[in-house]
Amino acid sequence: MPRTETKDTRTFTRPGEVTYILPEPSSSTVTIILPPKSPWTSGSHWHETHTEYLRIIQGAAKVTIQSRTYTYRASDGIIAIPKFVVHEWSRALDDDSDFNDEELVVQEWTDPTDGLKEVFFRNLNSVILEHTGKGWFGSVVFMLQLWTIFHRLDNWPVIVGGPFYVRWMLTHVVVGFGAWVGAFRTGHSSR
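In the annotation of an unreviewed UniProt entry, the entry for the chain reads Cupin 2 conserved barrel domain-containing protein, and the organism field reads Aspergillus caelatus.

Structure (structure tokens):
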């Protein structure tokens, strides 16, 4: 089934969870907005060909980098996440804080600046927002689509805990196999 054309779409919203504002052509920065009480998380992952940067514009974010968790605010400046470093971020929730009631606004970009961040978020949101598969088969197809995006666009999800080389190997095997099956199923070859 063909996907909806989204090449001119600049904003993707999953109500109550997250809004992605994709960059204008002259920029490479994606803005991610989490409403109050949003359960959204980036998921624990790493990048192999890109250094990622985060900047908190408003609110407070809980950022885990290599098993250490910190709370960051706008005053903390740019957070650099080197290649191969496992990381995850979400809202920082604190019962005693005013930032629980405001949106969390974060800017994200990478080095090299090659446009893949926009391509990643455009594809990810298109698949998630159009997901209609039911039952186990629909869930499998959905996961294959996600793994194809992860594999091709340098976003490696942590599939299992343990030493990094174990996580790296299992993620590459599972996501690589899933991307291969996903490409085979849809008739697209890997590049």
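**With respect to the UniProt feature "transmembrane region" (unreviewed entry) in the chain**
UniProt annotation of "transmembrane region" (unreviewed entry) refers to residues 135-153 and 165-184 when read in the numbering used here. Annotated as residues 135-153, this span is 95% helix and 0% strand, and its ends, taken at the C-alpha atoms, are 27 Å apart.

**Details of the layout of surface pockets**
The volume enclosed by the second largest pocket comes to roughly 360 Å³. Along the wall of the second largest pocket there are 21 residues; nearest its centre are Thr41, Ser42, Gly43, Leu124 and Phe150. Put simply, the parts of the chain that give the lining of the second largest pocket at least two residues each are helix H1 (116-130) and helix H2 (135-152). Here the element with the most residues in the lining of the second largest pocket is H1; it accounts for five residues. Grouping the constituent residues of the lining of the second largest pocket by class yields 10 nonpolar, six polar and five charged. Here the lining of the second largest pocket spans two domains, and each of domain 1 (9-110) and domain 2 (119-185) adds at least three residues to it.

**Quick look at the sheet that holds strand S1 (residues 11-14)**
Through backbone hydrogen bonds, the strands of a sheet pair up, either in parallel or in antiparallel fashion. Ordered in space as S1-S2-S3-S10-S5-S8, the six strands form an open sheet in which the pairing is antiparallel. Only two strands of the sheet have a single neighbouring strand rather than two, namely S1 and strand S8 (78-81). Averaged over neighbouring strand pairs, the angle between their axes works out to 20 degrees when direction is ignored. As defined by bridge partners, strand S3 (residues 30-34) adjoins strand S10 (residues 104-111) across five bridges and the pair is classed as antiparallel.

**Here's the deal with empty space enclosed by the protein**
Empty space left among the atoms is revealed by rolling a probe the size of a water molecule over them. Counted according to the given criterion, the structure contains one cavity of 30 Å³ or more. The calculated volume of the largest cavity comes to roughly 90 Å³. Together, His47, His50, Thr110, Leu116, Lys117, Phe120, Leu153, Asp154 and Asn155 line the largest cavity. The leading source of residues in the lining of the largest cavity is H1, at three residues. Both domains that meet at the lining of the largest cavity, namely domain 1 (9-110) and domain 2 (119-185), each give it at least three residues.

**Quick notes on the environment of Glu103**
As for its placement among the helices and strands, Glu103 is situated in the loop between strand S9 (87-91) and S10. On the basis of relative accessibility, which here comes to 38%, the residue Glu103 falls in the partly exposed class. Considering only alpha carbons, one finds Glu103 and Gly176, 73 residues apart in sequence, at a separation of 36 Å. The residues touching Glu103, leaving out its near neighbours within four places in the chain, are Ile33, Leu34, Pro35, Pro36, Gln58, Gly59 and Arg91.

Rules used in this analysis
- Residues numbered from 1 in each chain as written.
- Predicted model: local features only at pLDDT ≥ 70, side-chain atom pairs only at ≥ 80, totals over all residues.
- Heavy atoms only, no water.
- UniProt positions renumbered as here; feature names shortened; annotations may be inferred.
- Helix = DSSP H or I, 4+ residues; strand = E, 2+ residues; numbered from the N terminus.
- 1 Å grid on protein atoms, 1.4 Å probe; cavity = no way out; pocket = protein on both sides within 12 Å on 5 of 7 lines; lining within 4 Å.
- Points joined across faces, edges and corners; volume = space filled by probe spheres on them.
- Nonpolar A, V, L, I, M, F, W, Y, C, P; charged D, E, K, R; others polar.
- Domains from an automatic or database assignment.
- Pairing = 2+ DSSP bridges.
- Axes fitted to C-alpha atoms, helices over the stretch in contact; angles between N-to-C directions.
- Buried < 20%, exposed > 50% of the residue type's maximum accessible area, 1.4 Å probe, protein only.
- Contact = heavy atoms within 4.5 Å.

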